[in-house]
Amino acid sequence: QVQLVESGGGLVQAGGSLRLSCAASGRTFSSYIMGWFRQAPGKEREFVAGISRGGGSTYYADSVKGRFTISRDNAKNTVYLQMNSLKPEDTAVYYCARKRLGVRVTPNAYEYDSWGQGTQVTVSS
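Computed from a predicted model, the values in this text were never measured in an experiment.

Go over the state of the cysteines, please, and point to the residues and values.
The tally for this structure, following the rule as stated, stands at 1 disulfide. In this model, C22 is linked to C96 through a disulfide, with the two sulfur atoms separated by 1.9 Å. Given an S-S torsion of about 45°, the disulfide between C22 and C96 has right-handed geometry. Residue C22 is found in strand 3 (residues 18–24), and its partner C96 is found in strand 9 (residues 92–99); the two are separated by 74 residues along the sequence.

Can you tell me about the pairing of strand 3, naming the residues and giving the values?
Of all the 7 residues making up strand 3, 5 are buried; the element is thus mostly covered by neighbouring parts of the structure. Judged from the 4 bridges that link them, strand 1 (residues 4–7) and strand 3 form a sheet pairing that is antiparallel. Paired with L4 across the two strands is A24, which belongs to strand 3. In the sheet, strand 3 pairs with strand 8 (residues 78–83) via 6 bridges, with the strands oriented antiparallel. Along strand 8, the bridge assignment pairs L18 with M83.

I'd like to hear about the environment of G8, residue by residue, with values.
You can see G8 is positioned in the loop between strand 1 and strand 2 (10–13). Remark: the alpha-carbon pair of G8 and S21, spanning 13 residues in sequence, is separated by 6.1 Å. When residues no more than four places from it in sequence are discounted, the contact partners of G8 are L18, R19, L20 and T119.

Kindly report on the nonpolar core, identifying the contributing residues and their values.
The nonpolar side chains of a soluble globular protein tend to be buried, and buried together. Residues W36, V79, L81, M83 and Y94 are the most contacted members of the largest nonpolar core, which totals 28 residues. At the level of elements, strand 3, strand 4 (34–39), strand 5 (46–51), strand 7 (68–73), strand 8, strand 9 and strand 11 (119–124) are the ones that each hand at least two residues to this core. Residues in contact with M83, not counting those within four places in the same chain, are G16, S17, L18, L20, R67, F68, Y94 and V121. In this structure, F37, F47, A97 and Y112 belong to the second largest nonpolar core, which totals 6 residues.

Tell me what's going on with the side chain of K99, and back it up with residues and numbers.
Examined against the element boundaries, K99 turns out to sit in strand 9. For K99, the side chain forms a polar contact with the main-chain oxygen of R104, separated by 2.6 Å. Excluding residues that lie within four positions of it along the chain, K99 makes contacts with Y32, I33, R104, T106, E111, Y112 and D113.

Could you give me a rundown of the pattern of salt bridges, with the residues and numbers involved?
Overall, the coordinates contain 6 salt bridges when judged by the stated rule. With a shortest N-O distance of 2.7 Å, D90 and R67 are connected by a salt bridge. Separated by 23 residues along the polypeptide, D90 in the loop between strand 8 and strand 9 and R67 in the loop between strand 6 (58–60) and strand 7 bring together distant segments of the chain. Residue E111 pairs with K99 through a salt bridge whose shortest N-O separation is 3.9 Å. Residue E111 is found in the loop between strand 9 and strand 10 (112–115), and its partner K99 is found in strand 9; the two are separated by 12 residues along the sequence.

Calculation notes
- Residues numbered from 1 in each chain as written.
- Predicted model: local features only at pLDDT ≥ 70, side-chain atom pairs only at ≥ 80, totals over all residues.
- Heavy atoms only, no water.
- Disulfide = S-S within 2.5 Å.
- Helix = DSSP H or I, 4+ residues; strand = E, 2+ residues; numbered from the N terminus.
- Buried < 20%, exposed > 50% of the residue type's maximum accessible area, 1.4 Å probe, protein only.
- Pairing = 2+ DSSP bridges.
- Contact = heavy atoms within 4.5 Å.
- Core = buried A, V, L, I, M, F, W, Y, C linked by side-chain atoms within 4.5 Å.
- Polar contact = N/O pair within 3.5 Å; in protein donor to acceptor, adjacent residues only side chain to side chain.
- Salt bridge = Lys/Arg side-chain N within 4 Å of Asp/Glu carboxyl O.

Interpretation note: all reported values are geometric properties and have no functional meaning in isolation.
Listed below in structure tokens is the structure:
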């Protein structure tokens, strides 16, 4: 089972930026689609962004499109989420996840079988 460890969360003012990282264990990182999800208090976990195995295709939730950028470095077994123009409504615990099967990025949490422990992002107004 792969281990995913997120880092980079913190407290930032509205309009600011953060870069999240997710380091994966194992030798098969490049074989899997990766995604970022988030969960705010009292709300369901929601898809934020996903990236294909080679990094050539990305997919974003409408709420973050144009502000967030997902990328990956397969040589470092790491996926990133660059978050710009942050808003208070972006406040949540952010999780990275590995998609179990398939070749297309999809937003459904049930299709992702390995999850990190999460990193808190708090955006103050």
